[in-house]
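Each chain is listed here by its residues.
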Amino acid sequence: AQSVTQLDSHVSVSEGTPVLLRCNYSSSYSPSLFWYVQHPNKGLQLLLKYTSAATLVKGINGFEAEFKKSETSFHLTKPSAHMSDAAEYFCVVSDPTTNAGKSTFGDGTTLTVKP
Amino acid sequence: EAQVTQNPRYLITVTGKKLTVTCSQNMNHEYMSWYRQDPGLGLRQIYYSMNVEVTDKGDVPEGYKVSRKEKRNFPLILESPSPNQTSLYFCASSHESRTSGSSDTQYFGPGTRLTVL
């Protein structure tokens, strides 16, 4: 069975400092992993995805994530936070060996950016 | 414009009154899903469909029904809504990933906020 754990429900950083949002997953095979962002009262938008190509994945707005199979992690990072990064972030796993259409979301991490 | 549309966007109803939330996509995606979002619980998959006439249960299917008679449409049916189904609902669609064989990037609708009194 697939599962996702986002290790922090809230992260607060100052503008201009690095961002780290942590995600661990459980999957029976090599999964597809995604990070989505949801701004207040908005829909969800893809930040980046890993689908068995390069383990370091670059996304939009300066975000990137590294797939580490040995640690079963897919942490999201950004070198310098902007005020506009304040949002809720979701890590998602999809495992083709269990059922290709099934997607499991983490509980989300709320990122606050202080001026 | 490529998009996923949901209707209605807001709905207040009473316990037991059947309702349908429609979802339509214009991207010729094979996969479609319904999720509910509740505070602190992220998004939980209710049902998904991998193509026309192919549907399967997600993590929280109780009290919901779906159908996929056409590729573009994936309605969510609550035959007898209850207050614990008060939530924010999202429809999403995606292609099948050519590299992994599972769902690729999902495109989400704007959400339907449902209140069941």
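An account of the accompanying structure is given in this report. (Residues numbered from 1 in each chain as written. Chains lettered and ligands numbered in written order. Predicted model: local features only at pLDDT ≥ 70, side-chain atom pairs only at ≥ 80, totals over all residues. Heavy atoms only, no water.)

Scanning chain A for helices and strands turns up zero helices and twelve strands. Taken over the C-alpha trace, chain A has a radius of gyration of 14 Å; the compact-globule value for 115 residues is 13 Å, and the two agree within 12%. When its C-alpha atoms are laid out on the principal axes, chain A stretches across 45 × 30 × 20 Å. Contacts in chain A between residues far apart in sequence, at least 24 positions, make up 57% of those at least 6 positions apart. Surface accessibility of chain A: about 5200 Å² in total, with carbon and sulfur atoms responsible for 52%. A distance of 3 Å separates the average location of the 9 positive side-chain charges in chain A from that of its 9 negative side-chain charges. (Helix = DSSP H or I, 4+ residues; strand = E, 2+ residues; numbered from the N terminus. Rg over C-alpha atoms; globule rule 2.2 N^0.38 Å. Contact = heavy atoms within 4.5 Å. Areas by Shrake-Rupley, 256 points an atom, 1.4 Å probe, with all protein chains shown as cover. Lys, Arg positive; Asp, Glu negative; His and termini not counted. Charge placed at Lys NZ, Arg CZ, Asp CG, Glu CD.)

Another aspect to go through is the packing of aromatic side chains. All chains considered together, the criterion is met by 13 aromatic pairs over all chains. Ring centres of Y25(A) and F67(A) lie 5.8 Å apart, and the angle between their planes is 25 degrees; this geometry places the pair in the stacked category. Here Y25(A), found in strand β4 (residues 23-26), pairs with F67(A), found in strand β8 (residues 64-68); they are 42 residues apart in sequence, far enough to count as distant. The buried category is assigned to F67(A), whose relative accessible area is 7%. Counting every residue linked through ring pairs, the aromatic cluster contains F34(A), Y36(A), F90(A), F105(A), Y35(B), F90(B) and F108(B). (Phe/Tyr/Trp six-rings, centres within 6.5 Å; stacked < 30°, edge-to-face > 60°. Buried < 20%, exposed > 50% of the residue type's maximum accessible area, 1.4 Å probe, protein only.)

What makes a disulfide is a covalent bond joining the sulfur atoms belonging to two cysteines. All names here are of chain B. Per the counting criterion, the structure on display carries two disulfides over all chains. Disulfide pairing is shown between C23 and C91; the S-S distance is 1.8 Å. The chirality of the disulfide connecting C23 with C91 is left-handed, given an S-S dihedral of about -70 degrees. On the criterion of sequence distance, the pair formed by C23 in strand β3 (residues 19-25) and C91 in strand β9 (residues 87-94) is long-range, its members being 68 residues apart. (Disulfide = S-S within 2.5 Å.)

Right, let's talk about the side chain of T112(B) for a bit. Residues and elements named next belong to chain B. Examined against the element boundaries, T112 turns out to sit in strand β11 (residues 112-116). A polar side-chain atom of T112 sits 3.0 Å from a polar atom in the side chain of Q6. From its side chain, T112 meets the backbone oxygen of P8 in a polar contact 2.7 Å long. Those residues in contact with T112, other than ones at most four positions away along the chain, are Q6, P8, R9, V21, S87, L88 and Y89. (Polar contact = N/O pair within 3.5 Å; in protein donor to acceptor, adjacent residues only side chain to side chain.)

Taken together, the contacts link 24 residues of chain A with 24 residues of chain B. Of the roughly 1900 Å² buried at the junction of chain A and chain B (both faces included), carbon and sulfur atoms supply 48%. Taken together, the connections running from chain A to chain B amount to two salt bridges. D104(B) serves as the salt-bridge partner of K49(A), at 2.6 Å between the closest nitrogen and oxygen. Run the count over chain A and chain B and you get seven residue pairs in polar contact (both at pLDDT 80 or more). When residues of the side of chain A that touches chain B are traced back to their parent elements, those giving at least two are β5 (32-38), β6 (44-50), β10 (87-94) and β11 (104-105) of chain A. The dominant element in the side of chain A that touches chain B, judged by the number of residues it contributes, is β5(A), at four residues. The class makeup of the residues in the side of chain A that touches chain B is eight nonpolar, eleven polar and five charged. (Buried area = accessible area lost by both parts, 1.4 Å probe. Salt bridge = Lys/Arg side-chain N within 4 Å of Asp/Glu carboxyl O. Nonpolar A, V, L, I, M, F, W, Y, C, P; charged D, E, K, R; others polar.)

Nonpolar side chains collect at one region of the surface, where I12(B), V14(B) and L117(B) lie side by side and expose about 320 Å² of accessible area between them. Of note, I12(B) is situated in strand β2 (residues 10-13). (Patch = residues over 30% accessible without salt bridge, like charges linked within 9 Å, V, L, I, M, F, W, Y side chains within 5 Å.)

Right, let's get into the pairing of strand β1 (residues 3-6) of chain A. All names here are of chain A. Side chains V4 and Q6 project from β1 onto a buried face, and the interleaved S3 and T5 project onto a face without burial. As judged from the four bridges shared by β1 and β4, these two strands associate in the antiparallel manner. Counted as the bridge partner of V4 is Y25 from β4. (Pairing = 2+ DSSP bridges.)

Residues and elements named next belong to chain A. Examined against the element boundaries, S14 turns out to sit in strand β2 (residues 10-14). For the pair formed by S14 and A81, sequence separation is 67 residues and the distance between their alpha carbons is 7.2 Å. The contact partners of S14, leaving out residues within four places of it in the chain, are A81, V113 and K114.

By themselves, these observations are geometric and do not establish any function.
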